[in-house]
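Each chain, letter by letter, is given below.
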Amino acid sequence: VTGPTDKRVAVVTGGGGGIGSAIGARFSAMGWTVVLVDVDGEALAKKAEQLEAGPGAIVTMTADVSDAASVLALAERVIGDIGVPHLLCNNAGVTAYGYRTWEAPPSTWQWLWSVNVMGVVHGISAFLPAMLEAGRGHIVNTSSVAGLASVPWVAAYSATKHAVVALSESLRYELAEMGSPVRVSVLCPGLVTTGMARSSRLWPAQLGDPSALGPQADPYMARLAEARAGGTPAADVALAVERAVANDVFLILTDEDSAAQARVKRAGIFEPADEPTEYF
Ligand SMILES: NC(=O)c1ccc[n+]([C@@H]2O[C@H](COP(=O)([O-])OP(=O)(O)OC[C@H]3O[C@@H](n4cnc5c(N)ncnc54)[C@H](O)[C@@H]3O)[C@@H](O)[C@H]2O)c1
């Protein structure tokens with residue numbers, strides 16, 4: 001695609017991964033022009049090759065969402081070459097696990113915060129002004145059920161995902177206060193069958209020795225793998241996103257089990273008790 005398109009435009013970060021590419025496939029099947037964005041150019045190219053463009057078009061662009069300048073350059077390119085997005089999915093995310101809260105090195109917290117939280121903030125800051133000016137659009141920020149309820153061994157990840165819920169709520173109230181037609185949703189999937197457990201491959205060299213995986217990473221992953229067998233397919237998450245955008249739903253949940261768990265745990269904070277340890 002070169003030059004502004006008359007089709008609807010979706011920008012999806014983390015588009016080289018499971019959930020992002022599924023969202024891309026869904027909207028492209030509906031005739032949208034989809035810009036898939038990822039820091040991992042190879043994964044991105046592979047995914048784009050596998051995707052059926054459908055009646056829409058798939059465009060790929062590399063950017064690092066943790067880097068404000070990189071996301072600003074992306075926004076300039078998208079808006080100049082394709083158009084102001086109708087849908088922005090701030091979806092790129094990484095995970096680290098297997099540490100007790102006090103044992104995770106600062107670099108682990110830093111990496112997760114820079115991608116999972118600042119990546120969302122950078123996306124909003126770079127694209128929202130043009131969406132406000134256009135007087136339309138929808139932003140979907142990817143959090144997790146781990147953004148609604150916390151479990152042991154993943155404090156840093158869970159903290160970043162809680163932050164995404166919090167900033168999405170603030171943004172929603174701000175847009176409502178302005179009477180803006182731009183909408184915001186927060187996507188809180190339960191377990192989804194994707195390659196996210198392999199995100200430690202993206203550990204940035206400038207943070208020093210990799211510390212995405214803590215001493216309890218293997219047992220944690222074994223439990224996760226067991227639970228993941230019943231995980232939601234990424235295509236179902238994409239369908240939930242499509243419906244939420246069509247019906248202006250703020251909180252997007254993807255499966256009943258994890259939604260019920262999150263509800264109980266979130267309510268439980270008001271009546272603290274020594275709950276048995278539940279991992280997911
Ligand atoms: N898989 C799950 O069970 C699950 C559950 C809840 C929430 N999530 C969230 O869903 C989102 C997508 O994850 P997924 O499961 O598809 O994992 P995934 O690893 O398949 O996809 C994530 C993609 O983000 C990209 N990425 C990582 N750092 C980036 C950066 N700095 N800039 C740009 N791109 C970057 C990766 O290269 C990868 O392609 C994440 O935010 C994740 O936290 C996943």
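Scroll up a little and you will see the structure.
Residues numbered from 1 in each chain as written. Predicted model: local features only at pLDDT ≥ 70, side-chain atom pairs only at ≥ 80, totals over all residues. Heavy atoms only, no water.

Novice: Tell me what's going on with the overall build of the protein chain, and back it up with residues and numbers.
Specialist: Helices and strands together make up the secondary structure of the protein chain, namely eight helices and seven strands. Summarising its shape, the C-alpha atoms of the protein chain cover approximately 55 × 40 × 30 Å along the three principal directions. Across the 280 residues that make up the protein chain, the buried fraction comes to 51%. Within the protein chain, counting contacts between residues at least 6 apart in sequence, those at least 24 apart form 74% of the total. When the accessible surface of the protein chain is summed, it comes to about 13,100 Å², and 54% of that surface belongs to carbon and sulfur atoms. Here the protein chain contributes 19 positively and 28 negatively charged side chains, and the mean placements of these two sets differ by 4 Å. (Helix = DSSP H or I, 4+ residues; strand = E, 2+ residues; numbered from the N terminus. Buried < 20%, exposed > 50% of the residue type's maximum accessible area, 1.4 Å probe, protein only. Contact = heavy atoms within 4.5 Å. Areas by Shrake-Rupley, 256 points an atom, 1.4 Å probe, with all protein chains shown as cover. Lys, Arg positive; Asp, Glu negative; His and termini not counted. Charge placed at Lys NZ, Arg CZ, Asp CG, Glu CD.)

Novice: Tell me about the site of the ligand, residues and numbers included.
Specialist: With respect to spatial proximity, 31 residues lie near the ligand, and among them Ile19, Asp38, Asp64, Tyr157 and Thr194 are the closest. In the model, an oxygen atom of the ligand is placed 2.6 Å from a nitrogen or oxygen of the Asp38 side chain. Val192 has a polar backbone atom sitting 2.8 Å from an oxygen atom of the ligand. If the ligand stood free it would expose 830 Å²; the protein chains cover 96% of that surface. Of the residues in the shell around the ligand, the class split is 13 nonpolar, 12 polar and six charged. (Near = heavy atom within 4 Å. Polar contact = N/O pair within 3.5 Å; in protein donor to acceptor, adjacent residues only side chain to side chain. Nonpolar A, V, L, I, M, F, W, Y, C, P; charged D, E, K, R; others polar.)

Novice: How would you summarise the environment of Thr95 if you had to cite specific residues and measurements?
Specialist: Following the sequence through the fold, Thr95 ends up in the loop between β4 (87-90) and α4 (106-134). Put simply, Thr95 and Ser158 are 63 residues apart on the chain and 9.3 Å apart in space, counted from C-alpha to C-alpha. Look past the residues within four positions of Thr95 in its chain and what remains in contact with it is Trp111, Leu112, Tyr157, Met196, Ser199 and Ala212.

Novice: An account of the side chain of Ser21 is needed here, citing residue identities and associated values.
Specialist: Mapped onto the elements, Ser21 comes out in helix α1 (residues 18-29). Look past the residues within four positions of Ser21 in its chain and what remains in contact with it is Gly14, Gly15, Leu36, Lys47 and Leu51.

Novice: How would you sum up unusual backbone geometry? Please name residues and give values.
Specialist: Positive phi values are uncommon outside glycine, yet Trp153 reaches one of about 75 degrees. Looking at the secondary structure, you find Trp153 in the loop between β5 (138-142) and α5 (155-178). Backbone geometry at Asp248 places phi at a positive 55 degrees, although glycine is not the residue there. Relative to the elements of secondary structure, Asp248 occurs in the loop between α7 (234-247) and β7 (251-253). We classify Asp248 as partly exposed; its relative accessible area is 38%.

Novice: Give a description of the environment of Pro189 that names residues and reports values.
Specialist: Along the chain, the position of Pro189 falls in the loop between β6 (183-188) and α6 (217-228). In the structure, Pro189 is positioned 170 residues away from Ile19 in sequence and 9.7 Å away in space, judged by C-alpha atoms. Apart from the residues lying within four places of it in its own chain, the contact partners of Pro189 are Ile19, Ser143, Ser144, Val145, Val237 and Thr254.

Novice: Hey, could you go over the side chain of Thr232 for me, with residue numbers and the actual values?
Specialist: Mapped onto the elements, Thr232 comes out in the loop between α6 and α7. Accessibility expressed as a relative area gives 9% for Thr232, which makes it buried. Not counting residues within four places of it along the chain, the set of residues in contact with Thr232 comprises Leu191, Val192, Thr193, Val237, Thr254 and Asp255.

Novice: Can you break down α4 residue by residue, with the values?
Specialist: Helix length check: α4, at 29 residues, gives a terminal C-alpha distance of 40 Å against a target of 42 Å (1.5 Å per residue), a fit within 8%. Roughly 40 degrees is the biggest bend found in α4, and it falls at Leu128, with proline Pro129 one to four residues downstream. Looking one or two residues beyond α4, the residue adopting positive phi is Gly135, at roughly 75 degrees. (Expected span 1.5 Å × (residues − 1). Bend = angle between axes of the 7 residues up to and from the residue.)

Novice: Describe the packing of aromatic side chains, with residues and values.
Specialist: What the rule picks out here adds up to three aromatic pairs. When the ring centre of Phe250 is taken as origin, the NZ or CZ atom of Arg172, which lies over that ring, is 4.6 Å away. (Phe/Tyr/Trp six-rings, centres within 6.5 Å; stacked < 30°, edge-to-face > 60°. Lys NZ or Arg CZ within 6 Å of the ring centre and 35° of its normal.)

Novice: How would you sum up the nonpolar core? Please name residues and give values.
Specialist: Residues Val35, Trp111, Phe127, Leu128 and Met131 are the most contacted members of the largest nonpolar core, which totals 57 residues. Listed by contribution, the elements that provide at least two residues to this core are β1 (9-13), β2 (33-38), β3 (57-62), α3 (68-81), α4, α5, β6 and α6. In this view, Met131 contacts Val84, Pro85, His86, Leu88, Arg136, Gly137, His138, Ile139 and Val182; residues no more than four positions away in its chain are not counted. (Core = buried A, V, L, I, M, F, W, Y, C linked by side-chain atoms within 4.5 Å.)

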